[in-house]
Amino acid sequence: MESTGSNVHASILERIQRRQEALEERSQQRRQEREEQGGLSGSAAADHFLNTFRELHTALKTRIEAAESVPSDELTEYLDDLVKGVQELQDVLNDSSRHLASFQQKKAQKAVDDASAQVQAAVATLQPKKKFGFGRKKPAGGAKSAAPPKEPSSNSALDALDGLADRQFFGFKDESGCTLTLSPEELSGRQLNLQNLVECRVEALGSPGTLQAAGLDRCTVLVGPLARSAFIKDCRHCTFVLSGQQMRIHNTQDSNLYIHVTGAAIIEGCQGVRVAPYNLSYPALDQHFLTVGLDRTINRWDQLDDFDWLNENEASPNWSVIPEGERRGDWLS
């Protein structure tokens, strides 16, 4: 029995190692593609994106359709990879957004959203349902840390499926009036999710891979350098202090963004957005910039592209620069 357990443990470790190597190789390929795109014309870069996106999307659809035939002992890893496939599609779109026309972006985003819905449906259909469960009480007041992702049960792959959705969500949701913190070790390379927060303060002083924020109201969000992109939607009266390669802000009103962006910052359906340079400061900031490979000499913080404003001869009325006398800088004091 002990030998069997050891073999199972070794097999799991080997699978984790293979998956990590595959993710690193994929990340390296995407970095190389971004560098190659930098030397392409706008139309050539758009064509390159469309071909890459089409291949990834087609492969993901095929894998979604095959999910029902996957053996139960492989299903957890299979569904986990489907979720990662959706995120890869979103990352590819975010990285190439500056090369695309508005209609191309919207069509690609719809494809990503549809694929995400199909994966969620597959998870909901294939994972076993609990007969009963115990809710978790929230701590009363004070600062909160994100709960670590759930680890699969050693009893069976089916037990592990029960917590798949929770394991994929890393961050905070459905909180009010809280200070929410994450350590650099927790954040490293991961997607940080913020959802349905009211009057919260988020301190994520590390090097996440990406940020997705939705449904925030009167919140302050302080984040270290992102390796890739930030996607913000449906936020009101918020302040974001962010840095990354790409930023997309949708349906957001009366919010301030202190940003460092090396690629493109795009807004759509927004009003009252104001911008200023990224000015967050903490001891490990320089190291985190090096970790994610973000160029500190390039910052297009004041070059937002408004998809709702087509008049090139006049500035968009939907965003403006925060006057220097009104800019904050004491974020952590």
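Worth saying up front: this structure is predicted, and the values here are computed from it rather than measured. (Residues numbered from 1 in each chain as written. Predicted model: local features only at pLDDT ≥ 70, side-chain atom pairs only at ≥ 80, totals over all residues. Heavy atoms only, no water.)

Novice: Can you tell me about the packing of helix α3 (residues 72-96) against helix α4 (residues 102-126), naming the residues and giving the values?
Specialist: Running from amino to carboxyl end, α3 crosses α4 at an angle of 170°, the nearest separation of the two axes being 10 Å. By the angle between their directions, the pair α3 and α4 is classed as roughly antiparallel. For α3 against α4, the interelement crossing comes out left-handed. Counted together, Leu 75, Leu 79, Leu 82, Val 83, Val 86, Leu 89, Gln 90 and Leu 93 of α3 and Gln 105, Ala 108, Gln 109, Val 112, Ala 115, Ser 116, Val 119, Ala 122, Val 123 and Leu 126 of α4 form the full contact between these two elements. (Axes fitted to C-alpha atoms, helices over the stretch in contact; angles between N-to-C directions. Helix = DSSP H or I, 4+ residues; strand = E, 2+ residues; numbered from the N terminus. Parallel < 35°, antiparallel > 145°, perpendicular 65-115°, else oblique. Left-handed = near helix turned anticlockwise from the far one by under 90°. Contact = heavy atoms within 4.5 Å.)

Novice: Mind laying out the environment of Leu 280, listing which residues take part and the relevant values?
Specialist: Of note, Leu 280 is situated in the loop between β11 (271-277) and α8 (285-292). Through-space distance from the C-alpha of Leu 280 to that of Ile 259 is 9.4 Å; in sequence the pair is 21 residues apart. Here Leu 280 is in contact with Leu 205, Leu 222, Val 223, Gly 224, Val 241, Leu 285, Trp 331 and Leu 332, once residues within four sequence places are set aside.

Novice: Any details on the pairing of strand β10 (residues 253-268)? Residues and values, ideally.
Specialist: A large share of β10 lies buried, amounting to 15 of its 16 residues. Examined bridge by bridge, strand β9 (residues 239-250) and β10 share eleven bridges and lie parallel to one another. Note on β10: the bridge partner recorded for Leu 242 is Ile 259. Pairing of β10 with β11 involves six bridges; the strand directions are parallel. When the bridges of β11 are listed, Tyr 258 appears paired with Ala 276. Bridge count between β10 and strand β12 (residues 305-306): two bridges; the pairing is parallel. For Ile 266, the partnering residue across the bridge sits in β12 and is Asp 305. (Buried < 20%, exposed > 50% of the residue type's maximum accessible area, 1.4 Å probe, protein only. Pairing = 2+ DSSP bridges.)

Novice: Requested: an account of the pattern of salt bridges, with residues and values cited.
Specialist: Between side chains of opposite charge, a pair can form when the charged atoms approach closely. Under the criterion given, the structure shown has seven salt bridges. Salt-bridge contacts for Arg 201 lead to Glu 203; the nearest nitrogen and oxygen are separated by 2.7 Å. On the basis of relative accessibility, which here comes to 19%, the residue Glu 203 falls in the buried class. The partner of Asp 330 in a salt bridge is Arg 328, with the nearest N and O atoms 3.3 Å apart. Each of Glu 199, Asp 217 and Arg 218 takes part in one network of salt bridges that share partners. (Salt bridge = Lys/Arg side-chain N within 4 Å of Asp/Glu carboxyl O.)

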